[in-house]
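Listed below, chain by chain, are the residues.
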Amino acid sequence: MRKLAIGAALSGALALAGIAAPAASAATPNLVFSDVTVNKGKAIVVGTTKTVSVPVTYTMTRPADLVIDNKKTFAAVMLYRGTLRTLDNELDPEVMPTCTTTATTDTTVTESCTETIPVDPGDYLYEAADATTWKAGGLYAHIDGTLSDDFLSSESDVAIWGNLGTAKVQRAAKLTADASPEPVAKGRTITVKGKLTRADWDSSSYKGYSGQKAVLQFRTEGSKTYTNVKAITSGTGGALSTTVKASKSGYYRYVFAGTTTTAAATATGDYIQVK
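What counts as what
- Residues numbered from 1 in each chain as written.
- Predicted model: local features only at pLDDT ≥ 70, side-chain atom pairs only at ≥ 80, totals over all residues.
- Heavy atoms only, no water.
- Helix = DSSP H or I, 4+ residues; strand = E, 2+ residues; numbered from the N terminus.
- Rg over C-alpha atoms; globule rule 2.2 N^0.38 Å.
- Buried < 20%, exposed > 50% of the residue type's maximum accessible area, 1.4 Å probe, protein only.
- Contact = heavy atoms within 4.5 Å.
- Areas by Shrake-Rupley, 256 points an atom, 1.4 Å probe, with all protein chains shown as cover.
- Lys, Arg positive; Asp, Glu negative; His and termini not counted.
- Salt bridge = Lys/Arg side-chain N within 4 Å of Asp/Glu carboxyl O.
- Core = buried A, V, L, I, M, F, W, Y, C linked by side-chain atoms within 4.5 Å.
- Pairing = 2+ DSSP bridges.
- Axes fitted to C-alpha atoms, helices over the stretch in contact; angles between N-to-C directions.
- pLDDT = per-residue confidence, 0-100.
- Disulfide = S-S within 2.5 Å.

Check the secondary structure of the protein and you find 2 helices and 20 strands. For 275 residues, the compact-globule estimate of 2.2 N^0.38 gives 19 Å, and the protein exceeds it by more than 25% at 25 Å. The 275 residues of the protein split such that 43% are buried. Contacts in the protein between residues far apart in sequence, at least 24 positions, make up 66% of those at least 6 positions apart. Approximately 14,100 Å² of the protein is accessible, and the part contributed by carbon and sulfur atoms is 49%.

Printed below as a string of structure tokens:
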């Protein structure tokens with residue numbers, strides 16, 4: 001089971017929210033989350049091992065008499081997949097947000113907040129269905145209680161305001177290119193092979209991505225610009241292979257534009273000498 005976030009107390013609140021999705025009670029303060037931006041508006045691309053740190057910025061307006069001490073009272077932005085009634089998965093900050101007051105009234109305080117949500121594929125992403133568009137939600141939790149060897153008492157108030165924004169999570173892709181034979185006589189046939197793979201979070205490995213369009217490109221030696229040569233489709237296991245006539249020395253590479261669930265990828269150019 002993956003670790004929960006924002007400290008042990010709030011983790012219990014998130015677990016409760018995930019199971020019961022309680023409505024805000026009379027004791028829940030009126031928080032307003034706005035201008036939520038996740039990862040600077042870019043897709044969150046995750047591989048199989050490296051934790052991706054996702055920056056989140058937003059504005060929060062709270063009652064002037066509400067103290068968020070990050071000990072018993074918490075507020076943050078989370079990402080979730082599914083609905084608030086049935087959370088299929090959720091991602092939360094492990095370090096509490098940093099907020100700066102930007103405006104006040106007699107009854108409210110408005111703050112500009114930043115936080116970071118760590119996405120560790122080994123702990124937080126379980127299946128291909130996680131490669132989709134997630135929603136942002138504003139989270140409030142108040143946890144209080146007494147704990148000793150003689151007595152245990154606890155109470156919690158949890159509220160989540162959903163549909164505050166979106167963030168796309170994509171599987172990272174890898175692409176290779178290998179041109180041969182090398183060197184080659186001008187006018188002879190060159191075979192350019194490669195392989196397209198993408199992150200499989202269930203197995204924590206990269207697996208072939210078949211049936212996808214990739215474009216073969218060529219850059220003449222001494223030039224900085226690649227031009228398209230032809231488009232082909234990846235085969236079994238993500239294999240790529242096509243042939244071209246040797247005309248001049250330069251670099252061949254494959255480019256994959258990406259899909260809704262998988263990020264774009266570009267192979268490193270492979271140099272071939274033409275005599």
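Turning to the side chain of Arg219, a few remarks are in order. By secondary structure assignment, the location of Arg219 is in strand 15 (residues 213-220). In this structure Arg219 is buried but unpaired, with Glu221 as the nearest side chain of opposite charge at 8.6 Å. If near-sequence neighbours (up to four positions away) are discounted, Arg219 is found in contact with Lys224, Thr225, Tyr226, Gly250 and Tyr251.

With that out of the way, let us pick up the nonpolar core. Ranked by size, the top nonpolar core spans 28 residues in total, and within it Val38, Ile44, Tyr58 and Leu79 carry the most contacts. Put simply, the parts of the chain that give this core at least two residues each are strand 1 (32-38), strand 2 (44-46), strand 3 (52-63), strand 4 (73-82), strand 7 (108-119), strand 8 (133-147) and strand 10 (166-171). Among the elements that make up this core, the one with the highest residue count is strand 3 (4 residues). In this structure, Ala177, Phe218, Leu240 and Val244 belong to the second largest nonpolar core, which totals 23 residues.

Okay, the sheet that holds strand 6 (residues 98-104) next. Hydrogen bonds between backbone atoms are what pair the strands of a sheet, whose relative direction is either parallel or antiparallel. The sheet built from 4 strands is open, its strands ordered 1-3-7-6 with antiparallel pairing. Where the open sheet ends on each side, the last strands, each with one partner, are strand 1 and strand 6. Adjacent strand axes in the sheet meet at a mean angle of 20 degrees when their direction is disregarded. Looking at chain direction, strand 1 and strand 3 are connected through 5 bridges and run antiparallel. Bridge pairing in strand 3 places Phe33 opposite Met60.

Summary statistics for the protein give a mean pLDDT of 90 and a share of 90% for residues scoring 70 or more. Below pLDDT 50 for its whole length, residues 1-13 participates in 34 contacts with residues either more than four positions away or in separate chains. Contacts from residues 15-26, a stretch scored under 50 in pLDDT, to residues over four places away or in other chains number 16 contacts.

Let's shift gears to the state of the cysteines. What is meant by a disulfide is a covalent connection between two cysteines, made through their sulfur atoms. Under the counting rule described, the total for this entry stands at 1 disulfide. Disulfide pairing is shown between Cys99 and Cys113; the S-S distance is 2.1 Å. Classification of the bridge connecting Cys99 and Cys113 rests on its S-S torsion, roughly 115 degrees, and on that basis the disulfide is right-handed. With Cys99 in strand 6 and Cys113 in strand 7, this residue pair connects regions lying 14 residues apart in the sequence.

Turning to the pairing of strand 6, a few remarks are in order. As paired strands, strand 6 and strand 7 are joined by 6 bridges and run antiparallel to one another. Bridging from a neighbouring strand, Thr98 pairs with Thr114 of strand 7. Counted between consecutive antiparallel strands, the loop separating strand 6 from strand 7 contains 3 residues.

This paragraph deals with the pattern of salt bridges. Inspection of every chain in the model, using the stated rule, returns 5 salt bridges. The partner of Arg81 in a salt bridge is Asp88, with the nearest N and O atoms 3.9 Å apart. Given a relative accessible area of 11%, Arg81 falls into the buried group. Measuring nitrogen to oxygen at the nearest pair gives 2.8 Å for the salt bridge that ties Arg81 to Asp130. Note that Arg81 is positioned in strand 4 and Asp130 in the loop between helix 2 (121-124) and strand 8, a separation of 49 residues in sequence. Residues joined in a network through salt bridges with shared partners are Arg81, Asp88, Glu127 and Asp130.

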